[in-house]
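# Architecture and fold: a report
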Amino acid sequence: DRCYSLNSSIKLKKVIMRFALLLFILVPIIEMTVLIQVGSKIGALATVGLVFLTAIVGVTLIRKQGLETSLKAQEKMRRGELPASEVAEGLMLIFAGLCLLIPGFVTDAIGALLLVPPLRKLFAAGLVLKFISSMMARGNQWRGGQGYASRQEGEIIEGEYANEDNDLIDKK
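Residues numbered from 1 in each chain as written. Predicted model: local features only at pLDDT ≥ 70, side-chain atom pairs only at ≥ 80, totals over all residues. Heavy atoms only, no water.

## Re the overall build of the chain
In terms of regular secondary structure, the chain is built from five helices and zero strands. Starting at the N terminus and ending at the C terminus, the chain contains elements arranged as α-α-α-α-α. Within the chain, the proportion of its 172 residues that are buried is 19%. For the chain, contacts bridging at least 24 residues in sequence account for 60% of all contacts bridging at least 6. Approximately 13,900 Å² of the chain is accessible, and the part contributed by carbon and sulfur atoms is 69%. (Helix = DSSP H or I, 4+ residues; strand = E, 2+ residues; numbered from the N terminus. Buried < 20%, exposed > 50% of the residue type's maximum accessible area, 1.4 Å probe, protein only. Contact = heavy atoms within 4.5 Å. Areas by Shrake-Rupley, 256 points an atom, 1.4 Å probe, with all protein chains shown as cover.)

Structural data, given as structure tokens:
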């Protein structure tokens, strides 16, 4: 069981690396093609100006939305709730910022889509669900009849424990 999960993990990493390499090669080619086509229609200077304008507007919007998302996450933590969707939205804002800073119109379009709050919330919910389901699958995969209590590996360290009222960790 462990060998199978290790092999599948290695295969997954290889697939991800191949996909990343493919993106690393294809994205600049696509961006250059679109930039050349747009530059031939509206002119080189206007195209460069438009690329800078999208980067500036994008960074401004990301700062505003990032601050809002951060405040929502802090409020959830203050109420004792897990800010999973806010963390996912924050990651998407970082990705959107990266897309908007990469010169080109295709990545700008992807970044702009992630700046639309309803779309970002939809993608964030999907990301959170994917993360939770992968963690649950990984947990079931690890258990596989070999729980923590049944393992007899490692060194046993004996000690004493006392629950005291002046414990600083338990106080809020």
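## A closer look at the packing of helix 2 (residues 44-78) against helix 3 (residues 84-101)
Two numbers describe a pair of packed helices, the interaxial angle and the distance between the axes. Look at helix 2 against helix 3: their axes get within 9 Å of each other, and the N-to-C directions meet at 170 degrees. Relative to helix 3, helix 2 is oriented roughly antiparallel. Every residue of helix 3 that contacts helix 2 at Thr54, Ala55, Gly58, Val59, Ile62, Gln65, Gly66, Thr69, Lys72, Ala73 and Lys76 is listed here: Ser85, Glu86, Glu89, Gly90, Leu93, Ala96, Gly97, Leu100 and Leu101. A breakdown of the residues in the contact of helix 2 with helix 3 according to their chemical character gives eight nonpolar, eight polar and four charged. (Axes fitted to C-alpha atoms, helices over the stretch in contact; angles between N-to-C directions. Parallel < 35°, antiparallel > 145°, perpendicular 65-115°, else oblique. Nonpolar A, V, L, I, M, F, W, Y, C, P; charged D, E, K, R; others polar.)

## Points about the confidence of the model for the chain
Looking at the chain, pLDDT values average 81 and 78% of them are 70 or higher. Element-level pLDDT for the chain is lowest in helix 5 (residues 117-143), with a mean of 76, against a maximum mean of 92 in helix 4 (residues 105-114). Here residues 145-151 is modelled with pLDDT under 50, and outside its nearest four sequence neighbours on either side it reaches three contacts, counting other chains as well. (pLDDT = per-residue confidence, 0-100.)

## Here's the deal with helix 3
Counted at 1.5 Å a residue, the expected span for helix 3 with its 18 residues is 26 Å, and the 26 Å between its end C-alpha atoms agrees. Taken together, the buried positions of helix 3 are occupied by Glu86, Ala88, Glu89, Met92, Leu93, Ala96, Gly97, Cys99 and Leu100. (Expected span 1.5 Å × (residues − 1).)

## Concerning the nonpolar core
Of all hydrophobic cores here, the largest spans 10 residues; its members are Ile62, Ala88, Met92, Leu93, Ala96, Leu100, Leu114, Leu115, Ala124 and Val128. If you list the elements that add at least two residues to this core, you get helix 3 and helix 5. Examining the composition of this core, we find that five residues originate from one element, helix 3, more than from any other. (Core = buried A, V, L, I, M, F, W, Y, C linked by side-chain atoms within 4.5 Å.)

## Here's the deal with the side chain of Thr47
Mapped onto the fold, Thr47 is located in helix 2. Not counting residues within four places of it along the chain, the set of residues in contact with Thr47 comprises Leu35, Val38, Gly39, Ile42 and Phe105.

## Focus: the side chain of Thr107
Summarising the element assignment, Thr107 is placed in helix 4. Within the structure, Thr107 has its side chain in polar contact with the backbone oxygen of Cys99 (distance 3.3 Å). For Thr107, the side chain forms a polar contact with the main-chain oxygen of Ile102, separated by 3.4 Å. Not counting residues up to four positions away in its chain, the partners in contact with Thr107 are Val27, Glu31, Cys99, Leu100 and Ile102. (Polar contact = N/O pair within 3.5 Å; in protein donor to acceptor, adjacent residues only side chain to side chain.)

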